[in-house]
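# Residue-level structural notes
So you can see what is in the structure, the chains are spelled out below.
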Amino acid sequence: MTEKDLTTSGKLYGKVFIEGKIISLTGLHIGTGKETMEIGGLDMPVVRDPLTREPYIPGSSIKGKMRSLLEKFEFARSGKDITPESYFSKIIKSGSEEIRHHECDNDNCPVCRLYGASKGNGVKKNRPARIYVHDAHLIEESKKELQGIDTGLYLTELKYENTLDRLTSAASPRQIERVPKGAEFKFSMVYNQDEPKDSALFKKDLESIFTNILLLEDDALGGSVSRGYGRIDIQKVKIIYRDAEYYTQENKKEIVLEQGESEDLKTFLFERVIKELTK
Ligand SMILES: [Zn+2]
């Protein structure tokens, strides 16, 4: 196997934890994927934790949005010879629909380095993901605040939306449940470092993750985004770096970096964090 065929070194040099707050700037609807028209029920309920019944943002939703944004971003930078059909060559069946996205064998591909790839559709081997995105739950203060608003629903609100029939102008109202504007969630993700600190690949991965976070902040999460739902702000980002030594008995060194109160997210991530973690 040549250097070029490698998709991971198989080594673990350390872990980078990325934490912070996701603040909803507008109502946020993360659906359950099972929209029903129950009598007396909600047409479009939000996803809730089965134990606490609290609304949350599944890690898979955040990761899915992040990957899709990074794919489009990298496709735009991949040169004009590459067609959409060849870039988005992976075909995934979702019910009766076919969804295309990007997966490849190129070890320098930022998307597949972070999120992995699976065999098939021209991809020769399975590639592990280097990043894991966790579920984002409501922070305590936010929960208390939402409990104080009387909407008849636990921590959420109902919004009525009208869809107009273009020919008859008949309105068909539906109820969308959403987490109100201002709700705050704690997000976290972890990156597994399989290349040494001074390697160009480690630095490149960090840059891809940070670009991806900035793209997410300027996009939206969940459903009805064309109606203005799901706008978010990412704040108070904290990076914790633990190298392999941290996990041994003798040593407990970790690097903790926190975004300053008035520090711009981009400056914090690209200047301060990259410099500290790769030196
Ligand atoms: Zn790829």
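Given the structure is predicted, the values throughout are model-derived calculations rather than measurements. (Residues numbered from 1 in each chain as written. Predicted model: local features only at pLDDT ≥ 70, side-chain atom pairs only at ≥ 80, totals over all residues. Heavy atoms only, no water.)

In this structure the tally under the stated criterion is 21 salt bridges. For Glu71, the salt bridge is made with Arg67, and the minimal N-O distance between the two is 3.0 Å. Of this pair, Glu71 and Arg67 both sit in helix H1 (residues 59-76), four residues apart, which is roughly one turn of the helix. Like Glu71, the residue Arg67 is buried in the burial classification. Between Lys143 and Glu140 there is a salt bridge, with the nearest N and O atoms lying 3.0 Å from each other. Of this pair, Lys143 and Glu140 are both found in helix H4 (residues 140-147), three residues apart, which corresponds to roughly one turn of the helix. (Salt bridge = Lys/Arg side-chain N within 4 Å of Asp/Glu carboxyl O. Helix = DSSP H or I, 4+ residues; strand = E, 2+ residues; numbered from the N terminus. Buried < 20%, exposed > 50% of the residue type's maximum accessible area, 1.4 Å probe, protein only.)

Our next topic: the pairing of strand S9 (residues 184-193). Counting buried positions over the ten residues of S9 gives nine, a clear majority of the element. The pairing of strand S1 (residues 14-24) with S9 spans ten bridges and is antiparallel. Residue pairing for S9: Gly14 is matched across the bridge by Gln193. Alignment of strand S5 (residues 131-133) against S9, held across three bridges, turns out to be antiparallel. Directly across from Tyr132, in S9, lies its bridge partner Val190. (Pairing = 2+ DSSP bridges.)

Two numbers describe how helix H5 (residues 200-217) lies on helix H6 (residues 265-278): the axes approach to 11 Å, and their chain directions differ by 165 degrees. Classed by the angle they form, the pair H5 and H6 counts as roughly antiparallel. Read as a crossing pair, H5 and H6 show a hand that is right-handed. Across from Phe202, Lys203, Leu206, Glu207, Phe210, Thr211, Ile213, Leu214 and Glu217 in H5, the residues of H6 making contact are Leu265, Lys266, Leu269, Phe270, Val273, Ile274, Leu277 and Thr278. Within the contact of H5 with H6, the residues separate by chemical class into eleven nonpolar, two polar and four charged. (Axes fitted to C-alpha atoms, helices over the stretch in contact; angles between N-to-C directions. Parallel < 35°, antiparallel > 145°, perpendicular 65-115°, else oblique. Left-handed = near helix turned anticlockwise from the far one by under 90°. Contact = heavy atoms within 4.5 Å. Nonpolar A, V, L, I, M, F, W, Y, C, P; charged D, E, K, R; others polar.)

Attention now goes to the coordination of the zinc ion. Protein-derived ligands of the zinc ion are His102 (NE2), Cys104 (SG), Cys109 (SG) and Cys112 (SG), with the metal-ligand distances lying across 2.2 to 2.3 Å. Metal-centred angles of 100 to 115 degrees between the four donor atoms at the zinc ion mark the site as tetrahedral. Each donor residue of the zinc ion lies on one chain, and together they are spaced H-x1-C-x4-C-x2-C. (Donors = N, O, S within 2.8 Å, 3.2 Å for Na, K, Ca; no water. Tetrahedral: all angles 85-135°; square planar, octahedral: opposite > 155°, others 65-115°.)

Glancing now at unusual backbone geometry. Not every positive phi belongs to a glycine, and Asn121 is a case in point at roughly 50 degrees. A relative accessible area of 43% means that Asn121 is categorised as partly exposed. Phi is positive for Leu155, close to 65 degrees, though the residue is something other than glycine. The class for Leu155 is buried, based on a relative accessible area of 3%.

Over its 18 residues, H1 extends 26 Å from the first C-alpha to the last, a length consistent with the 26 Å expected when each residue adds 1.5 Å. Among the residues of H1, those classed as buried are Gly59, Ile62, Met66, Arg67, Leu69, Leu70, Glu71, Glu74 and Phe75. (Expected span 1.5 Å × (residues − 1).)

It is worth spelling out H4 at this point. When H4 is considered as a whole, its buried residues turn out to be Ser142, Lys143 and Leu146. Viewed along the axis of H4, the buried residues span an arc of 100 degrees, placing them on a single side of the element. Opposite the buried face of H4, at more than 90 degrees from it, the exposed residues are Glu141, Lys144 and Glu145. On the buried face of H4, the contacting elements are strand S6 (136-138) and S9. (Arc of directions from axis to C-beta.)

Another point: the packing of aromatic side chains. Under the definition given, this model contains seven aromatic pairs. Relative to Phe88, the ring of Tyr87 lies with its centre 5.0 Å away and its plane at 85 degrees, an arrangement referred to as edge-to-face. Neither Tyr87 nor Phe88 differs from the other in exposure class; each is buried. A centroid spacing of 6.1 Å and a plane angle of 25 degrees characterise the contact between Tyr191 and Phe202, whose relative ring orientation is stacked. On the criterion of sequence distance, the pair formed by Tyr191 in strand S9 and Phe202 in helix H5 is long-range, its members being eleven residues apart. The same class applies to Tyr191 and to Phe202, which are both buried. The rings of Phe75, Tyr87 and Phe88 are connected pair by pair, giving a single aromatic cluster. Across from the ring centre of Tyr229, 4.8 Å away, lies the NZ or CZ of Arg178, which sits over that ring. (Phe/Tyr/Trp six-rings, centres within 6.5 Å; stacked < 30°, edge-to-face > 60°. Lys NZ or Arg CZ within 6 Å of the ring centre and 35° of its normal.)

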